[in-house]
Amino acid sequence: MSAPKVMPYSLRLSADVGGTFTDIVLEEGATRWTTKVLTTPAAPEDGVLNGIEKIMGIASRSLDQVTAFVHGTTLATNSIIERRGAKTALIGTDGFRDILEIGTESRYDQYELALVKPKPLVARPLRFTVRERIDARGNELLALDEAQLQGIAAELKALEVTSVAVALLHSFMNPAHEKRVREILNAAYPELYVSLSCEVCPEIREYERTSTTVANAYVQPLMDSYLQRMVKRLAELGFTGILSLITSGGGLSSVDTARAFPVRLVESGPAGGAIFASQIAAKLGEKRVIAFDMGGTTAKISLIEDYASESSRIFEVDRAARFLKGSGLPLRIPVIELVEIGAGGGSLAHVDALNRVNVGPESASSVPGPACYGLGGTRPAVTDADVTIGLINPIGFAGGSMTLRDDLSKAALAEHVGDKIGLTPEMSAYAVYEMVCENMASAARSHTVERGVVAADHTIIASGGAAPLHVARVAEKIGAPRVIIPANAGVGSAVGFLAAPFSYEIVRSNYMRLDTFDAASATKMLNEMSAEIMEWVGPAAADEAIIETRIAFMRYVGQGHEIPVVLPVRDITEEDIAGFRKTYEATYEEMFNRSIPAAAIEIMAWSVSCSTAPVLPATISPVPFTGRSVSGETTMFFDGRAEQSIEIYRYHRNDLGAGDRVAGPCLIVEDETTTFVTGSFDAWIDAAGSIVMDKKEVAA
């Protein structure tokens, strides 16, 4: 990892490239400017640079004044989900050709006879094996057959393969064979991208390690090309500051690291939304929060407890069954724990064979977009439903950059929904609205139940351009008593990027048992991992304090899963071993209400992470209600439950001050988004400018 040039922070920029919109945020001290532009899928950097030009004009600033630019994108995620990645091959050990389809041999739905699994990123004709063998202790049992590999290289070139994943058996213990494979491939086919599992995911469990390496290879040409073009264009425009990429774990990484390991960026956009929600939770003193981020393509839901997001070392992408663990492609990377579904403003609605209205996961994206964009889209999206029932004013959409066509929305809803099941365009729109809200409510219920908490005990903090339109109805469905729409919620992920710490984590497998523990070897390995991380984090952090965390993943010998045990950040001594056992057994007993006395304990993997300290804002003081009457204008809203249009108030957010209160149902509009306050809630403005919706008290 190359060290970045360090510059003092003053003018800071962030960009979040989504499936439909690209969000841009510019900050200078306490001043913030924001804007949205349409994403340009064919060349995403064009959309980013269009947004930068626009926001610099708004702020009367120039790009050469920007000292830090934080970038997040869903390009990697979308390329996997939509199967738009590179032509990728896999090279494995002889006998392991079909590991991507065999997986762990488990079934995510035990009794489903017609089980559907996600399609592997590498088709069987592009999976190759080579004769070689390393054993579980890292010893060479069979030398690499270099002549056979030369033949594979020639075949890859003839097939015009762009990228290859190399995942040989037990390479996490001894990477020599994989590194030799890369040398041979580079010599025979220099244009080929090569991802090694010993670098991408040097951990036990063959299927997860191979799946992660394949995903990295699949998106690397796309991301590498994009980042090269972005760096070049930024330099041509005079940018000389630090460019960072936000990772799925919520930290900032260098461009070089992102180009080498783009799989770590798969959930970068949602990570920004979770950071944003954590900041707001701390500011408002909300300790139990559901972070709800709904953009143009997907909706993301995560839990925040005591102002911190949950984290995980593995997650799944492209699930065949929306809420069933084990139905997707496993990626073993540090990630903020969340659930993501195809429910956004661009999600398309259709009627299935049973005459049921369904929404998503297919999206209209930004091209051609929902029907109301007038860019060639003819199928109805969630945005078309929102326009038809009166939640979105067609004039001045996306900060005034677009004027929507409500007539096209109604025509699309009639053709693809209403005419098929006998509904008016308005009732069709209401059905679409209800279904997308129910999809998101179901995801929230599932996510909270899996973690043993009650959704109704949590406050919802919403971000993303589409979330404020739907979050109140989602809250009604799950019983949440309070909803918060922060200032700049429409670009929440991009705002969150600017609060992310510089951080990086390395995980490596190195088998040890506590009863034969080698303290000197463990210390040497951990110090090397720390030094590698600090090459990036140290210079980037400048004068900021750095927090280092070291973890050993332990289990009783022969068990299937590990428990993390925190290690001291210093040289390990023989005297520490008894403490490791004591800590492990205490954690095990807390989890399973018992321990196994005198059982041998083994360490399967080690983790080192270094991060600048996350800074949480101070809690704001409550504000008294002003009691003043706020002026608003009236607009028509189609109430599907009453099956008629009703008149509701529409307020402009800039006209509402701290302590002002309005009753639902009503709309609160701003440049980035619109908030729909349902009849179950009253809304007020807090000292930070957030819209707070509290459930109305029911008269006895």
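Residues numbered from 1 in each chain as written. Predicted model: local features only at pLDDT ≥ 70, side-chain atom pairs only at ≥ 80, totals over all residues. Heavy atoms only, no water.

A. Broad picture of the overall build of the protein. A tally of regular secondary structure across the protein gives 17 helices and 35 strands. Against the globule reference of 27 Å for 700 residues, the protein gives a C-alpha radius of gyration of 26 Å, in line with a compact fold. Counting only C-alpha atoms, the protein reaches 80 × 60 × 55 Å along its principal axes. Within the span of the protein, comprising 700 residues, buried residues form 56% of the whole. Within the protein, contacts between residues at least 6 apart in sequence are counted, and of these 69% link residues at least 24 apart. Looking at the protein as shown, the accessible area adds up to about 28,100 Å², and 52% of this sits on carbon and sulfur atoms. (Helix = DSSP H or I, 4+ residues; strand = E, 2+ residues; numbered from the N terminus. Rg over C-alpha atoms; globule rule 2.2 N^0.38 Å. Buried < 20%, exposed > 50% of the residue type's maximum accessible area, 1.4 Å probe, protein only. Contact = heavy atoms within 4.5 Å. Areas by Shrake-Rupley, 256 points an atom, 1.4 Å probe, with all protein chains shown as cover.)

B. Fine view of the packing of helix α1 (residues 44–59) against helix α7 (residues 206–236). Interhelical geometry of α1 versus α7 gives an angle of 30 degrees and a closest axis separation of 9 Å. With respect to their mutual orientation, α1 and α7 come out roughly parallel. With respect to the hand of their crossing, α1 and α7 are arranged in right-handed fashion. Where α1 abuts α7, its residues P44, E45, D46, V48, L49 and I52 lie against Y226, R229, M230, R233 and L234. Partitioned by chemical class, the residues of the contact of α1 with α7 number seven nonpolar, no polar and four charged. (Axes fitted to C-alpha atoms, helices over the stretch in contact; angles between N-to-C directions. Parallel < 35°, antiparallel > 145°, perpendicular 65-115°, else oblique. Left-handed = near helix turned anticlockwise from the far one by under 90°. Nonpolar A, V, L, I, M, F, W, Y, C, P; charged D, E, K, R; others polar.)

C. Spatial organisation of helix α14 (residues 467–478). Here α14 spans 15 Å end to end across twelve residues, near enough to the 16 Å set by a 1.5 Å rise per residue. When you tally the buried positions in α14, you get twelve out of twelve residues, the bulk of the element. For α14, the set of buried residues is A467, P468, L469, H470, V471, A472, R473, V474, A475, E476, K477 and I478. (Expected span 1.5 Å × (residues − 1).)

D. A look at the packing of aromatic side chains. Per the stated rule, a full pass over the model turns up eleven aromatic pairs. Relative to F580, the ring of F517 lies with its centre 6.1 Å away and its plane at 70 degrees, an arrangement referred to as edge-to-face. Of this pair, F517 sits in the loop between β25 (503–513) and α16 (519–541) while F580 sits in helix α17 (residues 576–592); the two residues are 63 residues apart in sequence, bridging distant segments of the chain. Relative accessible area serves as the criterion here: at 7%, F517 is assigned to the buried category. For the pair Y649 and Y651, a centre-to-centre distance of 5.9 Å together with 20 degrees between the ring planes defines the contact as stacked. Here Y651 falls in the buried class, since its relative accessible area comes to 8%. Among the aromatic side chains, those forming a connected cluster through ring pairs are Y556, Y584, Y588 and F592. The side chain of R137 reaches across the aromatic face of Y511, ending 4.5 Å from its centre. (Phe/Tyr/Trp six-rings, centres within 6.5 Å; stacked < 30°, edge-to-face > 60°. Lys NZ or Arg CZ within 6 Å of the ring centre and 35° of its normal.)

E. Highlighting the pairing of strand β22 (residues 357–363). Bridge analysis of strand β21 (residues 347–351) against β22 gives four bridges, and the strand direction is antiparallel. In the strand pairing of β22, A349 is matched with V359. (Pairing = 2+ DSSP bridges.)

F. Local environment of the nonpolar core. Core analysis: the largest hydrophobic core is formed by 73 residues, its most contacted members being L13, L156 and L185. Examining the composition of this core, we find that ten residues originate from one element, α7, more than from any other. Apart from residues no more than four positions distant in its own chain, L13 is found in contact with I24, V25, L26, I52, I55, M56, L63, V66, A68, F69, V70 and L498. (Core = buried A, V, L, I, M, F, W, Y, C linked by side-chain atoms within 4.5 Å.)

G. Representation of the pattern of salt bridges in the model. As enumerated under the stated definition, the model contains 46 salt bridges in all. Taking the shortest distance from any N to any O, the salt bridge between E146 and R180 comes out at 2.9 Å. One end of the pair, E146, is in helix α4 (residues 146–158); the other, R180, is in helix α5 (residues 176–188), and 34 residues separate them in sequence. E146 sits in the partly exposed class, given a relative accessible area of 33%. Across the pair E438 and K477 runs a salt bridge whose closest N-O atoms are separated by 3.2 Å. Pair noted here: E438 is in helix α13 (residues 425–450) and K477 is in helix α14, with a separation of 39 residues, a long-range link. A relative accessible area of 24% means that E438 is categorised as partly exposed. Within the structure, one salt-bridge network assembled from shared partners comprises E434, E438, R445, R473, E476, K477 and R641. (Salt bridge = Lys/Arg side-chain N within 4 Å of Asp/Glu carboxyl O.)

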